[in-house]
Structure formats: C-alpha cells, structure tokens
Amino acid sequence: MVTTTTTPTRARWPSRVRFLRVPALGLSLRLDLISVLITVALVLVTAVVGVWSLGASTTRTPGLGFVEVLRVLTGQISGAPANHVATWLPVVLTAILGGASLALSGAIFQTITRNPLGSPDIIGFTTGANTGALVAMLVLGLGSGGATIGALLGCLATAVVVYFLGMRGGTGNYRFIIVGIGVSAMLLSFNGYLIATSDVQNAGVAAAWGMGNLRNLTMTDTIPVFITLAMLVPALIVVAPRMRMFELGTDSAASKGVDTARTQVLLLVIGVGFAAATTAIAGPIAFVALVAPQVAARITPSAGIPLVTSAAVGATLLVSSEAVARTILAPETQLPVGVVTTSLGGLYLLFLLLAQSRKARP
C-alpha cells in the first residue's frame, strides 16, 4: 500500500513538500512539488524532441510530420513511414535511456565526492571504457561485439584502480578527483598510441567510436541499457538515503551510523554500472554525466542533487544532442553525438568558470 501524506510540521518543511510512504518496502520518499513539476516538464520535452527526431530526415527527401510519427507509433500507418521510424527508434530510445543512465552516474559520484567535477568522464571511467574497446578492436581484433565487452571491462578496471588509489584519504577532499584525472590522462595517451600504430581503416573506426556515436543501432543494442536500469535503479533507491548522508562529508555520514566504506563500494558499483551500460554501446559520450546533475540542482529547489530530475535532464540533453548531431549538417554528413555534447560541455565549463570568478571578487 502506498500512502501520500503532508509534512506534519510546517515550520520544518515548506508547504510544497509531501511524503510518499511505501510501508511494504519500508521506504519514505520526500517529494518537492516544484521539483516534480520541473521533472514532468523535462519528460514532456524529451518526448516531444524524441518524436520529432524519429521523423527527421537525413536525406534530401522530406521527413515525417509530428502527427504522422505518432500514427506510426500507434500502428495506424505502415509501409515506408513505419520503416523510417523503425530505423531511428533504437537510436532515440538509446539516447533517452543512455542520457538518464549517464546522468544518474554523474549524480552519484558528484554527491559522494561533493565536487561538481566528480563525474565518470572527468575521473577516467569512460576513458577506461574507451581503452578497453580499443584493445578489443585494435589489439585482439574482436570487432564491435568484442568492443562492447572490452568497454565494460575497461570501465570496471579503471574504477577499481581509481577507487583504491583515491579513496584512502576519503572523498571529502580532491584526492579522488585528482587521481581520476591523472589516470584518465595516462589512458588518453595510451589510446592515442593504439590508434596511431594501427592501420588507417581500423584507426578510423576506433576514432569514430571513441567520439561517442549513436548511429547504426538496432533494438538489440538497447537491451543492455534496459537491463542495467531495471537492475540498478531499485538498488539506487534503496541506498539513496545513505548516499544523501555524504552531502555533509564522510565523517558526518559515519557519525550518523553509515558504514561509509561499504556504502562507497556499493555506490561505486552502481555508478560505474550506469556509466558502462551506455559507454559500451555508444562509446564515451562526454559531459552528459558532468552537466546534467548540476543543471538539475540549479533548476530545482532541492538542497542536494536530485536524482530523478538529473535523469530527466540527462535524457533531454542527450536526445536533443543526438537530434542536432544527426540533422544539423544533413544530408552531407552526420556528426557523432559526442561532438555536440562536448561543445555543450565546453560552454558549461566556461559558464562555471565565469560564475566562480564573480563569486571570488570582493
């Protein structure tokens, strides 16, 4: 049975706050109505952009209208329009689910490190996934299927290295971030070596994959992301209350009875799983995990990083970036989605630096 109650003490919680209680699971979730409305609006924007993207054309022939795509999705139209939608449906679904997955990964690491730079692409996890894929493709010659497995193993191996080198001083300082940046730099150098010493054809394929690419996907490719979200989202819901304790620091979390070492390992596994699922399919898509949680924290009145809103921002960001990458230069060419997300990430970092410089002025 699920019950929704108002907060018992108005002096403590604003009137917009409600509590969603699930007695059977022993869960009590605090809902901010403003955050809920913002999240719903982001979901609607994601749906609208996704439907438009399904009908967009990458050739000189006109695409499908918005209503026409909806009729295809509801089974009212078949033939060539249905084939067009079926071609791009895996791409759009992967962009939506992958964006949400990357954003959740970034939200986890930014929360436990208490640092806006604590995202898997900055601390080297996605770079490690790229390394694993390059080794599989260029060294072992395992093809795209082997690249997926190599990316998963590379991401996990990098996470283990960064954890054991960076967690010794706790996550309340910059040690974890600095170690991750250092490991990422070394892996980038190794990746460049692998590409430079391979033949031109293989190097081109590997370089394109390493930029983040959602093209040429099938519905089968979306299954790993579906499975990852289905497995890790419930685990994150259970551990989220303990994760929130890290917002005030590791010592504060420990003083409240949280087993910090065990919780850090569990969150590391969950966060890496979210990042690896998308990276293994589409390559290392930069800046979504970095930007989405921070945008979510700024557009909602939440004290920390809101997980659900972060997922919604990530889905909106990646599906919009994919639509832009596919259509902005069509029909001459189609950009990898990583080019667009990197451009947006660069603008975000510039904005962040300008904001920090204004705060530093007397």
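Residues numbered from 1 in each chain as written. Predicted model: local features only at pLDDT ≥ 70, side-chain atom pairs only at ≥ 80, totals over all residues. Heavy atoms only, no water.

Student: Account for the overall build of the protein, naming residues and giving values.
Tutor: Secondary structure assignment for the protein yields 13 helices and 3 strands. Scored against the burial criterion, the 362 residues of the protein give a buried share of 48%. When contacts within the protein are restricted to residue pairs at least 6 apart in sequence, long-range pairs at least 24 apart make up 68% of them. On the protein, roughly 17,300 Å² of surface is accessible, and the fraction owed to carbon and sulfur atoms is 68%. (Helix = DSSP H or I, 4+ residues; strand = E, 2+ residues; numbered from the N terminus. Buried < 20%, exposed > 50% of the residue type's maximum accessible area, 1.4 Å probe, protein only. Contact = heavy atoms within 4.5 Å. Areas by Shrake-Rupley, 256 points an atom, 1.4 Å probe, with all protein chains shown as cover.)

Student: For unusual backbone geometry, give the residues involved together with the corresponding values.
Tutor: With phi around 60°, Asn216 is a residue other than glycine that occupies positive phi space. Within the secondary structure layout, Asn216 lies in the loop between α7 (200–210) and α8 (219–244). The exposed category is assigned to Asn216, whose relative accessible area is 75%. Even without glycine at this site, Phe287 takes up a positive phi of about 75°. Relative to the helices and strands, Phe287 resides in the loop between α10 (260–282) and α11 (288–299). Look at Phe287 and you get buried, because its relative accessible area is 15%.

Student: Run through the pattern of salt bridges, naming residues and quoting values.
Tutor: Considering all chains together, one arrives at 1 salt bridge under this definition. The partner of Arg326 in a salt bridge is Glu322, with the nearest N and O atoms 2.7 Å apart. Placement of the pair is Arg326 and Glu322 together in helix α12 (residues 307–327), with a separation of 4 residues, close to one helical turn. Given a relative accessible area of 2%, Arg326 falls into the buried group. (Salt bridge = Lys/Arg side-chain N within 4 Å of Asp/Glu carboxyl O.)

Student: Kindly report on helix α6 (residues 175–196), identifying the contributing residues and their values.
Tutor: Given a rise of 1.5 Å per residue, 22 residues ought to cover 32 Å, and the 32 Å separating the end C-alpha atoms of α6 matches this to within 8%. Among all positions of α6, only Phe176, Ile177, Val179, Gly180, Val183, Ser184, Leu187, Asn191 and Leu194 are buried. All buried residues of α6 project into a common sector of 150° when viewed along the axis, lining one side. Turned more than 90 degrees off the buried face of α6, the exposed positions are Ile178, Met186, Leu188, Ser189, Tyr193 and Ala196. (Expected span 1.5 Å × (residues − 1). Arc of directions from axis to C-beta.)

Student: Please provide a residue-by-residue account of a nonpolar patch on the surface, values included.
Tutor: A cluster of nonpolar side chains, namely Val48, Trp52, Phe66, Val67, Leu70 and Leu73, defines an oily patch on the protein surface of about 560 Å² accessible area. When residues of the nonpolar patch are traced back to their parent elements, those giving at least two are α1 (33–55) and α2 (66–73). As for its placement among the helices and strands, Phe66 is situated in helix α2. (Patch = residues over 30% accessible without salt bridge, like charges linked within 9 Å, V, L, I, M, F, W, Y side chains within 5 Å.)

Student: Which residues make up the confidence of the model for the protein, and what values do they have?
Tutor: Confidence in the prediction for the protein averages 84 pLDDT; 89% of positions are at 70 or higher. Here strand β1 (residues 3–6) is the element of the protein with the lowest mean pLDDT, 50, and α12 is the one with the highest, 94. Segment residues 6–11: pLDDT under 50, and 6 contacts once partners within four positions in sequence are set aside and those in other chains are kept. (pLDDT = per-residue confidence, 0-100.)

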